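Residues per chain, in single letters:
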Amino acid sequence: MISAKNLNLKLGGKQILDEVSFTISRGQTTSIIGPNGAGKSTLIRALAGDLKLDRGELSLDGVRISALSLRALAKKRAVVMQDTAVPFSFIAAEVIGLGTAPWGLSEAESSDTLGNVAWLTDVEHLLQQDIRTLSGGERQRVQIARALAQLWPGDRSRQVLLLDEPLSALDIGQQQRLLKLFEMLHKRGLTIISVMHDMNAALQSSDHILLLKEGQLLAAGATKDLNLAELLSRAFETPLEEHRRAGLEAPLILPATSEL
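Since the model is a prediction, treat every value here as computed from it, not as a measurement.

### A word on the overall build of the protein
Okay, step 1: Each helix and strand counted, the protein has eight helices and twelve strands in total.
Okay, step 2: At 18 Å, the protein has a C-alpha radius of gyration in line with the 18 Å of a compact globule built from 260 residues.
Okay, step 3: Along the three orthogonal principal directions, the C-alpha set of the protein runs to about 55 × 45 × 35 Å.
Okay, step 4: A buried classification covers 52% of the 260 residues belonging to the protein.
Okay, step 5: Here the contacts in the protein between residues at least 6 apart in sequence split such that 65% fall between residues at least 24 apart.
Okay, step 6: Total accessible area on the protein is roughly 12,500 Å²; 49% of this is exposed by carbon and sulfur atoms.
Okay, step 7: Put simply, the protein has 28 plus and 30 minus side-chain charges, and the middle of one group is 5 Å from the middle of the other.

### Notes on the pairing of strand S2 (residues 14-24)
Okay, step 1: The pairing of strand S1 (residues 2-11) with S2 spans seven bridges and is antiparallel. Bridge pairing in S2 links Leu9 to Leu17.

### Here we look at the sheet that holds strand S10 (residues 216-222)
Okay, step 1: Here we have six strands laid out as an open sheet, ordered S6-S7-S8-S3-S9-S10, and mixed in their pairing. Lying at the two open borders of the sheet, with one neighbouring strand each, are strand S6 (77-80) and S10. Pairwise comparison of adjacent strand axes, ignoring direction, gives a mean angle of 15 degrees for this sheet.
Okay, step 2: Here five bridges tie strand S7 (residues 160-164) to strand S8 (residues 191-195), and the two strands are oriented parallel to one another. Each bridged residue has a counterpart across the sheet, and for Leu163 the counterpart in S8 is Ser194.
Okay, step 3: Running over the sheet, helix H6 (residues 172-187) touches strand S3 (29-33), S7 and S8 and is turned about 145 degrees from S8.
Okay, step 4: Each of S3, strand S9 (208-213) and S10 is contacted by helix H8 (residues 228-236), which is oriented at about 30 degrees to S9, the strand it contacts most.

### Some points on the pairing of S10
Okay, step 1: Pairing of S9 with S10, which is carried by six bridges, proceeds in the antiparallel orientation. Looking across to S10, one finds that Leu212 is bridged to Leu217.
Okay, step 2: Connecting S9 to the antiparallel partner S10 that follows it, the hairpin turn spans two residues, and Glu214 within it adopts a positive phi of roughly 50 degrees.

### Let's talk about helix H1 (residues 40-47)
Structural remark: α-helix, 3.6 residues per turn; residues separated by three or four positions point the same way.
Okay, step 1: Within H1, six of the eight residues are buried, which leaves it mostly tucked inside the rest of the structure.
Okay, step 2: Listing the buried residues of H1 in full gives Lys40, Thr42, Leu43, Ile44, Ala46 and Leu47.
Okay, step 3: Taken from the residues just after H1, Gly49 is the one with a positive phi, measuring 85 degrees.

### Notes on H8
Okay, step 1: Taken together, the buried positions of H8 are occupied by Leu228, Ala229, Leu231, Leu232, Ser233 and Ala235.
Okay, step 2: Buried residues in H8 make contact with S3, helix H7 (199-205), S9, S10, strand S11 (240-243) and strand S12 (252-255).
Okay, step 3: Just downstream of H8 lies Glu237, where phi reads positive at about 55 degrees.

### Regarding unusual backbone geometry
Okay, step 1: Although it is not a glycine, Asp122 sits at a positive phi angle of roughly 60 degrees.
Okay, step 2: By secondary structure assignment, the location of Asp122 is in the loop between helix H4 (107-120) and helix H5 (136-151).
Okay, step 3: Of note, the phi angle at Glu165 is positive, near 55 degrees, even though the residue is not glycine.
Okay, step 4: Inspection of the secondary structure assignment puts Glu165 in the loop between S7 and H6.

### Observations regarding the environment of Leu231
Okay, step 1: Inspection of the secondary structure puts Leu231 in helix H8.
Okay, step 2: By relative accessible area, Leu231 is classed as buried at 11%.
Okay, step 3: Here the alpha-carbon distance between Leu231 and Leu148, two residues 83 residues apart in the chain, equals 33 Å.
Okay, step 4: Those residues within four positions of Leu231 in sequence are excluded, and the remaining contacts are Leu211, Leu218, Ala219 and Leu226.

Thresholds, definitions, all that
- Residues numbered from 1 in each chain as written.
- Predicted model: local features only at pLDDT ≥ 70, side-chain atom pairs only at ≥ 80, totals over all residues.
- Heavy atoms only, no water.
- Helix = DSSP H or I, 4+ residues; strand = E, 2+ residues; numbered from the N terminus.
- Rg over C-alpha atoms; globule rule 2.2 N^0.38 Å.
- Buried < 20%, exposed > 50% of the residue type's maximum accessible area, 1.4 Å probe, protein only.
- Contact = heavy atoms within 4.5 Å.
- Areas by Shrake-Rupley, 256 points an atom, 1.4 Å probe, with all protein chains shown as cover.
- Lys, Arg positive; Asp, Glu negative; His and termini not counted.
- Charge placed at Lys NZ, Arg CZ, Asp CG, Glu CD.
- Pairing = 2+ DSSP bridges.
- Axes fitted to C-alpha atoms, helices over the stretch in contact; angles between N-to-C directions.

This is the structure:
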């Protein structure tokens, strides 16, 4: 689905991505994790086609991202970045509706799409509110609804949802509801790639991990196959250990002195 070969990028004289290579299969849920300054958000922007790389090849569904038109790219991937502020006086319904622009839908089709994604993201009660009056968590959910509206008319088995810290502005209840939504979309074939600050949330919600440090890829693979405690201890330069808990597929990663 996504193939990255030797991605390199310098910004302001600093090496942000350094020979990063990996593949992500269709339908995988992948979390990009690592310490601050590792290049996680930059990698998401590169995968979205929003950054020009100094060197490397990046393809989506067998086609080079740089070769896709903006409309074709918009139909294949949707992006939600950390900064969800909108400087203009749009109501939430208008922001979500922007997602349908690449498809040329009829008014009835657009309305149906908006209704579906608003229900899934629990923003139906916000649709007529000015986006600037919403809390950070509410804006985040509206932007996720906008991204889903962008993908909704297409074939989700051939599409990618890219998210930069999707849980950051949400309370714990909203986080759990959003993770359940991602699980449902994953079961319907959507490929989801998220930058995650909370590594335990990342491990519990992903079947695939990309671990970055200082722009380099330390590890890439199935969550269940990685030596997580050793790798994360090295990445974060602090002793960590795995704790198993009944009902959780992946271990919890905690400081080595912690006990459950």
